[in-house]
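Breakdown of the fold
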Amino acid sequence: MTAHSGDTVRIHTVSTCSLEKMEAGGVPHSAIPQYDWDIHEQVKDKGPGGHILTGPLAIAEAEPGDVLEVQILRIEIDVPYACNGFSAGRGFLPNDYPYSVTKVIPLDREHMLADFAPGIKLPLHPFFGSMGVAPPTNGRLNSGPPWMHAGNMDNKELVAGATLFIPVHVKGALFEVGDGHAGQGNGEVDITALETWLTGTFKFIVHKDQHLLWPRAETPTSYISMGFDEDLKTATEMAVRNMIDFLVTEKHLTRDDAYSLTSVAVDVDITQLVDGKVGVHAICPKAIFTNPAR
């Protein structure tokens, strides 16, 4: 599909949950969207990685070197349940759990709560674990590790109302989205969140006058920089440097003041630890800036 800069597009996604394990956990066959059964039955040419991603969506005006602004206008939870699971050899503690478990978790969409267990209810904050564009490499890319194309960031800050800025590497950008989560803890330590089926409404804007090397995000209250690498220290250095660069280029601080401000006002959080490349994000509160926004 092709859209244009300024267009709004509504996109269905499917979860990473095993449909057979969802049935075994008590979810009726008919309660699982038919389009998900169709995908599992009909799609045989699969790329590497464990995610089913919806796309590519081309944005006609996007060219390499541009920036694609993705406004997340709305996120709908499509079913009243989620799954969380881990398997042998995966997750942050693979040697502690050398077996597989899938847990079906009911979702109360009216009150936006997950019924995790008796006496434990979790607030729902739906977001897409994966939003990205085609990378600057030829051929297929594993859907697991995030990189400069964004992808499987698993950043729980990117809820409805947030905006993602992604550097464009190929003509059309080729946006993808999937890996829907009803909620998640920072770290995503067992390798899955509250995995579920989501529908997103997005507005796309192509910027010819902006240039980024790494994705950046913005919420109504914060600016967010990111870093991705196999090494946690390196990913953290990337997120901090990207925040310093933002403060220098967009807020016109000196590099010394930007470094200092990052230390005294910015939270540096582990996004996830389990996707091949770990993720770190730095969150700068907007409220500290007293001059009108540009």
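Residues numbered from 1 in each chain as written. Predicted model: local features only at pLDDT ≥ 70, side-chain atom pairs only at ≥ 80, totals over all residues. Heavy atoms only, no water.

**So, the overall build of the protein chain**
When you go through the protein chain residue by residue, the secondary structure sums to 4 helices and 17 strands. On C-alpha atoms alone, the protein chain measures out to a radius of gyration of 19 Å, which is about the 19 Å that the 2.2 N^0.38 rule sets for 294 residues. C-alpha extents for the protein chain along the principal axes are approximately 60 × 40 × 35 Å. Sequence separation of at least 24 residues holds for 73% of the intrachain contacts in the protein chain that already meet a minimum separation of 6. When the accessible surface of the protein chain is split by element, carbon and sulfur atoms take 54% of a total near 14,000 Å². The centroid of the 22 positive side-chain charges in the protein chain is displaced by 2 Å from the centroid of its 37 negative side-chain charges. (Helix = DSSP H or I, 4+ residues; strand = E, 2+ residues; numbered from the N terminus. Rg over C-alpha atoms; globule rule 2.2 N^0.38 Å. Contact = heavy atoms within 4.5 Å. Areas by Shrake-Rupley, 256 points an atom, 1.4 Å probe, with all protein chains shown as cover. Lys, Arg positive; Asp, Glu negative; His and termini not counted. Charge placed at Lys NZ, Arg CZ, Asp CG, Glu CD.)

**Focus on the sheet that holds strand β10 (residues 150–152)**
What links the strands of a sheet is backbone hydrogen bonding, and the strands pair in either a parallel or an antiparallel sense. The strand order across the open sheet formed by 5 strands is β1-β3-β12-β9-β10, and the pairing between neighbours is mixed. Looking along the sheet, the strands with just one partner apiece sit at the ends: β1 (2–3) and β10. Summarising the sheet, β1 and strand β3 (residues 53–59) pair through 2 bridges and their orientation is parallel. Paired with A3 across the two strands is I59, which belongs to β3. (Pairing = 2+ DSSP bridges.)

**Description of unusual backbone geometry**
Each neighbour pair has its own omega, and for G55 with P56 the value is 0°, a cis peptide bond. Locating P56 in the fold gives a position in strand β3. Residue A150 is not a glycine yet carries a positive backbone phi of 80°. Of note, A150 is situated in strand β10. The class of A150 is buried, set by a relative accessible area of 0%. Phi is positive for A173, which is not a glycine, with a value near 70°. For A173, the position within the fold is in the loop between β11 (163–167) and β12 (175–181). (Buried < 20%, exposed > 50% of the residue type's maximum accessible area, 1.4 Å probe, protein only.)

**Details of the nonpolar core**
The biggest cluster of nonpolar side chains holds 43 residues, and the ones touching the most others in it are L68, M131, L164, F175, F202 and F204. Among the elements that line this core, the one with the most residues is strand β4 (residues 67–77), at 5 residues. Residue contacts for L68: discarding those within four places in its chain leaves I59, V133, L164, F165, I166, V168, A173, F175, F204, I205 and V206. (Core = buried A, V, L, I, M, F, W, Y, C linked by side-chain atoms within 4.5 Å.)

**Regarding the packing of helix α3 (residues 232–249) against helix α4 (residues 255–265)**
Remark: α3 packs on α4, axes separated minimally by 9 Å, with the N-to-C direction vectors making an angle of 125°. Here α3 is positioned oblique relative to α4, judged by the angle of their axes. Relative to α4, α3 is oriented so that their crossing is right-handed. Judged by residue contacts, V240, M243, I244, D245, L247 and V248 of α3 engage R255, A258, Y259, L261 and T262 from α4. (Axes fitted to C-alpha atoms, helices over the stretch in contact; angles between N-to-C directions. Parallel < 35°, antiparallel > 145°, perpendicular 65-115°, else oblique. Left-handed = near helix turned anticlockwise from the far one by under 90°.)

**Quick notes on the pattern of salt bridges**
Going through the model one piece at a time under the given rule, you end up with 9 salt bridges. When the shortest N-O distance is used, the salt bridge between K286 and E218 registers 2.7 Å. You can see K286 sitting in the segment after β17 (278–285) and its partner E218 sitting in strand β14 (residues 216–218), a full 68 residues away along the chain. What you see here is one network of salt bridges that share partners, running through K233, E237 and R241. (Salt bridge = Lys/Arg side-chain N within 4 Å of Asp/Glu carboxyl O.)

**Comments concerning the state of the cysteines**
As enumerated under the stated definition, the model contains 1 disulfide in all. Between the sulfur atoms of C17 and its disulfide mate C83 the distance is 2.1 Å. Measuring the twist about the S-S bond at about -105°, one finds the C17-C83 disulfide to be left-handed. Here C17, found in the loop between β2 (8–12) and α1 (19–24), pairs with C83, found in strand β5 (residues 81–86); they are 66 residues apart in sequence, far enough to count as distant. (Disulfide = S-S within 2.5 Å.)

**Points about a nonpolar patch on the surface**
A contiguous nonpolar surface patch, about 540 Å² in accessible area, is contributed by F92, L93, Y97, Y99, V101 and V189. With respect to the secondary-structure elements, V189 resides in the loop between β12 and β13 (198–207). The class for V189 is partly exposed, based on a relative accessible area of 47%. (Patch = residues over 30% accessible without salt bridge, like charges linked within 9 Å, V, L, I, M, F, W, Y side chains within 5 Å.)

Bear in mind that shape data such as this cannot, by itself, settle questions of function.
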